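# Topology and contacts: notes
So the chains spell out like this:
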Amino acid sequence: MTQTRPLVPSRFVRPSIPRAGGGRDRAGLVRESYAMIADGSRSFALASKLFDRPTRERVWMLYAWCRRCDDLADAQDLGGELGDQAGIEDRLQAIKVLTRRALEGGATADPAFDALGQVAGEAGITLDMVNEVISGFAMDANGFSPTTEKELMRYCYHVAGAVGVLMARVMFAPNDSFIYDRACDLGLSFQLANISRDVIEDARAGRCYLPEDWLADAGLSRENYADEENRFALAGVVARLVHRMKQYEDAARLGAKHLRFRQRWAVLSAARIYGAIGQKVLERGQYAWNRRVYVPFHEKLWHVGGAFFEAVTRRAPEPVEWPPYKREDLRPVAGW
């Protein structure tokens, strides 16, 4: 049997050397990552500028990967309107392959994934950590819709709570389980705010993130909760969602006390701004979805100012009522 000869003699072949960021220039990755956060999340972009420079650059690079994965999974552009969901399994597989390659130091030809490789090398982010986020995209790919509140919160953990944990990692927060739990709480509160704002938009895309038993308590179902004539009852269901959001936001403040000042200021600013989204939804009641809820720039500045004084005083009272689910209740494996 003849053996196929290589096209190039082996003495001339050089294995590619793994490099964080796939060999891309770090400054270029930072610039492209900031462009993504500036277009994809103005609220978080504003808050992120309060970090010290090394921290905000790592935060931007991590955000770029999260944003890119979300866009690939939902066939959308920078968090815009959901696209055609056909082929979502293939897109999910692409996310997994590119993520693994980025963490191995290989070039991916995608700046957002190369940015993940860069920040992972700097902050010690592992494949197991990012896989917990990717699991959230897989839940959407499988048509997830929660039956109970715990199922909702497990979804929120994967798509946002686990991101909060990664953010604590890139901030080099003290390696303490209490602080990481509170970082998870902040991510959970953000996701609950987003769900409350996007209930009708998600329904139009065939997605429902409200627990089925909550809908049943209000005399609604997955088939009719988004109907115009049911908005008053829907507002009552979403009020429960906002209540949970506030609980997780209050719990997260206890963790922020242990961060450095500028990190604390940035985190508290983001918490206030996202909390304002949920509060606006609550106040508008049945009219909350007639137009998209947002926080105007002048109000964001007011929240940034309030967060400054909160960060200076390090005032974070014990929550009157702790949220019902902890990180350890929502993770599929034991905490680290």
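Look a little higher up for the structure.
All values reported here derive from a predicted model rather than from experimental measurement. Residue numbering note: each chain is counted from 1, following its sequence as written. Side-chain atom pairs in this predicted model are given and counted only at pLDDT of 80 or more, local residue features only at pLDDT of at least 70, and totals for whole chains, interfaces and linings cover all residues. Calculated side-chain values reflect all of the structure's heavy atoms, with hydrogen atoms and water omitted.

Let us look at unusual backbone geometry. Non-glycine residue Ala109 carries a positive phi angle of around 65°. The secondary structure listing takes helices from DSSP runs of H or I that are at least 4 residues long and strands from runs of E that are at least 2 residues long, numbered from the N terminus. Take Ala109: it is sitting in the loop between α4 (88-103) and α5 (111-123). Phi angles above zero are rare outside glycine, and Arg314 is one such case at about 55°. Tracing the backbone through its elements, the reader meets Arg314 in the loop between α13 (297-313) and α14 (327-330). Here the term buried applies to any residue with accessible area under 20% of the maximum for its type, exposed to any over 50%, and partly exposed to those in between, with areas from a 1.4 Å probe on protein chains only. Owing to a relative accessible area of 43%, Arg314 belongs among the partly exposed residues under this scheme.

Turning our attention to the packing of aromatic side chains. For Phe, Tyr and Trp, where Trp contributes only its six-membered ring, two rings pair if their centres lie within 6.5 Å, and the inter-plane angle classes them as stacked under 30 degrees, edge-to-face over 60, or tilted in between. Evaluated as defined, the whole model comprises nine aromatic pairs. Consider the rings of Phe190 and Tyr274, whose centres lie 4.2 Å apart with planes at 20°: the pair is stacked. Of the two residues, Phe190 sits in helix α8 (residues 177-197) while Tyr274 sits in helix α12 (residues 261-284), which places them 84 residues apart along the sequence. Residue Phe190 is classed as buried on the basis of its relative accessible area of 15%. A relative accessible area of 12% places Tyr274 in the buried class. What links up through ring pairs into an aromatic cluster is the set Phe261, Trp265, Phe308 and Phe309.

Before going further, it helps to spend a moment on the side chain of Glu149. Its place among the elements puts Glu149 in helix α7 (residues 149-170). Using a relative accessible area of 11% as the deciding quantity, one classes Glu149 as buried. Contacts between residues were defined by any pair of non-hydrogen atoms, one from each residue, lying within 4.5 Å. If sequence neighbours within four positions are ignored, Glu149 has contacts with Pro211, Asp213, Trp214, Arg244, Pro324 and Tyr325.

In this structure, Trp65, Ile125, Leu210, Leu234 and Trp289 are the most contacted members of the largest nonpolar core, which totals 103 residues. In terms of residue count, α7 provides more of this core than any other element does, 14 residues in total. With residues up to four places along the chain from it excluded, the contact list for Trp289 reads Ser196, Arg197, Val199, Ile200, Arg231, Leu234, Ala235, Val238 and Val281. Side-chain atoms within 4.5 Å link the members of a nonpolar core, which is a set of buried Ala, Val, Leu, Ile, Met, Phe, Trp, Tyr and Cys residues.

Structural remark: α-helix, 3.6 residues per turn; residues separated by three or four positions point the same way. For helix α1 (residues 26-40), with 15 residues, the first-to-last C-alpha span of 21 Å sits near the 21 Å given by 1.5 Å per residue. Within α1 the residues assigned to the buried category are Gly28, Leu29, Val30, Ser33, Met36 and Ile37. Residues of α1 that are buried in the fold lie against α2 (42-48), α3 (53-74) and α5. Every helix has an expected span of 1.5 Å times one less than the residues it contains.

What makes a salt bridge here is a side-chain nitrogen of Lys or Arg within 4 Å of a carboxyl oxygen of Asp or Glu, nothing more. In total, this model carries 22 salt bridges according to the counting rule given. Between Glu201 and Arg292 there is a salt bridge, and its shortest N-O distance comes to 3.2 Å. Taken as a pair, Glu201 in helix α9 (residues 199-204) and Arg292 in the loop between α12 and α13 lie far apart in primary sequence, 91 residues in all. What makes Glu201 partly exposed here is its relative accessible area of 35%. Several salt bridges converge on common partners, so that one network encompasses Arg26, Arg53, Glu57 and Glu122.

Moving on: the state of the cysteines. Disulfides are defined in this document as cysteine sulfur pairs within 2.5 Å. Under the defined criterion, the tally for this structure stands at zero disulfides. Cysteine Cys69 is unpaired, with the sulfur of Cys66 as its nearest cysteine sulfur at 6.9 Å.

Bear in mind that shape data such as this cannot, by itself, settle questions of function.
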